[in-house]
Every structure is written in structure tokens, then in C-alpha cells.
Amino acid sequence: LSLGWLLLRAGQTQEGTDVVKEVIAASPADAAAGGLQLSLCRVLLDRGENSRAAEEYQHYLESFTNNVGEALSGKGWALYGLARYAESAATFEKAAGLLTNSTQQAQCLVKVADAYYANGQFRTALESYSNVVRRYGSTTFGASAMLQMGQSMVRMGLTNAAQRQFAMLIQQYPGSEVSERAALRTAELEQENGNLARALDAFGAFMDGYPKSKWFVNALHNHGLVAYQLFRFEGALADFERVVR
């Protein structure tokens, strides 16, 4: 077993998997066998071996009856990594129904919505994010889901509704990363829709409100682009020179 884990850590995925599975197969009725299979699945998932991880999680589900919710959640992550979003959403939904830990359950429900969003099913994603807000509105999961509700509205062409959603987030979660992202998205939407004067003000407000944001340089660069489009060349030049610095 130790040899199997060492091979996996060394990047010899096939060899390591074969050795660990040989140990499991030698004592399938052993109480530890299920735990070893689940550990193997986690290692494969952590290494980005999504196809193998999905197969091994499925093998676990067909062979063992404990920790089914955790196994389904892991399989959901593997399927998401493979861009099999519809299957991933369904798997995360099953996992959420079986998990008893509220944090794990919330994570699965968020990933249900994320999978629908990634699959281009924006209306269903909006409904799923709304479900997270209803159930976990007072948590960080709820706040992030509210932001993603706005993003879903944007993709559905509901720009005004999205702007109202972002404005509510800025007011409700001042100083948070969620409010930062909402403020930046507000400015970007004005830019995308050609409302250049409002975009310039919004990017300026973002930089004033979040001077230490990791997105500050993005906002400064876009502020320069908008200034250029408005023929404010001196301001644009100053912004671009500051970006370079």
C-alpha cells in the first residue's frame, strides 16, 4: 500500500493505481477496503486525473454503501473537470440530498448551479443559485450565489436586473470580495453596453472604493480604454503609464 501511494505521488498514476487496487482486491470484505478506495479516488482527483477519478468513484459507488454522499460529490467534481456539466449537476444534486454536513451540502448545491451555468443553461442556473440563497442566504455561499445570480442575468440579457442585483450586493456586503466583484462587474457592463461616461465614473468609483483590490490594475486599464474612447487622451495616457508602472 505504501508503495502504491509513493508511486502516485511520484506521478506514476497507472502503476500506483494498480498497486493500491491490488491491495483492495485482496481483502474486499475488509472494513478498511472502502476507505482505501475512497482515498484512491481523492488522490486521483487532487492530481487532476479526472477521467480516472470518475471511474474509481463509480467503482466505489457500485461496491460500497458507506459515505455515498461524499463519493457522489467527488464524482461530481471529476465530471465537472471533464466538462461533462449536465452529468456533474445531476451528481452534485444527488450528493446534496445525502450529505448531512451543511457546509458540504451547500458546496454541492453551489456546484449544481455552477455546472448549469458552465453548460449554458443560464435560466436553470439562476433558479439553482436562488435555491442556494434561500437555504444559505446568511452564509458566504449565499453571498457568492447572489453574485452569480447577477452573472446569470447578464448572460440571459437581463442587464438592468443584473445591475440592480450588483447594486444590492455592494450595499449589503460593503468591503467584501463579493462587493468588489459586483462593483467591477457594474463598471464592465456599462463599458460593454457603450455607456462610456457612466463606465468611466464606475471604474473610478471602483478604484476609489477598493484601492488594494487584486482587480485594481484591471479597472485602471479599462478606465484608460474608456477615457481613450471618450477622446480624453491625456487621462488615458496617464492611466496606461500607471498600469505599466
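Let me begin by describing the structure that accompanies this report.

1. Quick look at the overall build of the chain
In step 1: On a plain count of helices and strands, the chain comes out with 14 helices and zero strands.
In step 2: Taken over C-alpha atoms, the radius of gyration comes to 23 Å for the chain, far larger than the 18 Å a tight globule of 245 residues would show.
In step 3: Each of the three principal axes of the chain carries a C-alpha extent, and together these read 75 × 40 × 30 Å.
In step 4: Expressed as a percentage of the 245 residues in the chain, the buried residues total 45%.
In step 5: Counted over contacts in the chain with a minimum sequence separation of 6, partners at least 24 positions apart contribute 43%.
In step 6: Accessible area for the chain stands at about 12,900 Å²; split by element, carbon and sulfur atoms hold 50% of it.

2. Comments concerning the nonpolar core
In step 1: Counting residues in each nonpolar core, the largest one holds 35 residues, and the members touching the most others are Cys108, Tyr129, Val132, Leu147, Ala162, Phe166 and Leu169.
In step 2: Within the residue set of this core, elements represented by two or more residues are helix H6 (85-98), helix H7 (102-118), helix H8 (122-136), helix H9 (140-155), helix H10 (159-172) and helix H11 (177-192).
In step 3: Tallying contributions element by element places H7 first for this core, with nine residues.
In step 4: Not counting chain neighbours up to four residues away, the residues in contact with Tyr129 comprise Val110, Ala113, Asp114, Tyr117, Ala145, Gln148, Met149 and Ser152.

3. Here's the deal with the environment of Tyr80
In step 1: Looking at where Tyr80 falls in the secondary structure, it is placed in helix H5 (residues 68-81).
In step 2: The class of Tyr80 is partly exposed, set by a relative accessible area of 22%.
In step 3: Note: C-alpha distance between Tyr80 and Ala53 (27 residues apart in sequence) is 11 Å.
In step 4: Each residue touching Tyr80, except ones within four places of it in the same chain, is listed here: Tyr85, Ser88, Lys111, Asp114, Ala115 and Ala118.

4. So, the environment of Ala71
In step 1: Among the structural elements, Ala71 can be located in helix H5.
In step 2: Relative accessible area serves as the criterion here: at 0%, Ala71 is assigned to the buried category.
In step 3: Distance in space between the C-alpha atoms of Ala71 and Cys41 is 8.5 Å, their sequence separation being 30 residues.

5. Focus: a nonpolar patch on the surface
In step 1: On the surface, a cluster of nonpolar side chains totalling about 390 Å² of accessible area is made up of Tyr228, Phe231 and Phe233.
In step 2: In this fold, Phe233 is placed in helix H14 (residues 233-244).

6. Things to note about the environment of Ala78
In step 1: Along the chain, the position of Ala78 falls in helix H5.
In step 2: You can call Ala78 buried: its relative accessible area is 0%.
In step 3: Beyond its immediate stretch of four places on either side in the chain, Ala78 contacts Leu45, Asn50, Ala53 and Ala54.

7. Some points on the pattern of salt bridges
In step 1: Overall, the coordinates contain nine salt bridges when judged by the stated rule.
In step 2: Between Arg52 and Glu49 there is a salt bridge, with its nearest N and O atoms 3.8 Å apart.
In step 3: The partly exposed category is assigned to Arg52, whose relative accessible area is 27%.
In step 4: Judged by its relative accessible area of 26%, Glu49 falls in the partly exposed class.
In step 5: One salt-bridge network, held together by shared partners, links Arg185, Glu188 and Glu192.

8. What about the state of the cysteines?
In step 1: Tallied over the full model, the rule gives zero disulfides.
In step 2: No disulfide involves Cys41; its sulfur sits 15 Å from the nearest other cysteine sulfur, which is in Cys108.
In step 3: Residue Cys41 is classed as buried on the basis of its relative accessible area of 0%.

9. Notes on helix H4 (residues 50-63)
In step 1: Here H4 spans 20 Å end to end across 14 residues, near enough to the 20 Å set by a 1.5 Å rise per residue.
In step 2: Along H4, the residues classified as buried are Asn50, Ala53, Ala54, Glu56, Tyr57 and Tyr60.
In step 3: Check the buried side of H4 and you find it contacts helix H2 (13-26), helix H3 (33-46) and H5.

About the criteria used
Residues numbered from 1 in each chain as written. Predicted model: local features only at pLDDT ≥ 70, side-chain atom pairs only at ≥ 80, totals over all residues. Heavy atoms only, no water. Helix = DSSP H or I, 4+ residues; strand = E, 2+ residues; numbered from the N terminus. Rg over C-alpha atoms; globule rule 2.2 N^0.38 Å. Buried < 20%, exposed > 50% of the residue type's maximum accessible area, 1.4 Å probe, protein only. Contact = heavy atoms within 4.5 Å. Areas by Shrake-Rupley, 256 points an atom, 1.4 Å probe, with all protein chains shown as cover. Core = buried A, V, L, I, M, F, W, Y, C linked by side-chain atoms within 4.5 Å. Patch = residues over 30% accessible without salt bridge, like charges linked within 9 Å, V, L, I, M, F, W, Y side chains within 5 Å. Salt bridge = Lys/Arg side-chain N within 4 Å of Asp/Glu carboxyl O. Disulfide = S-S within 2.5 Å. Expected span 1.5 Å × (residues − 1).

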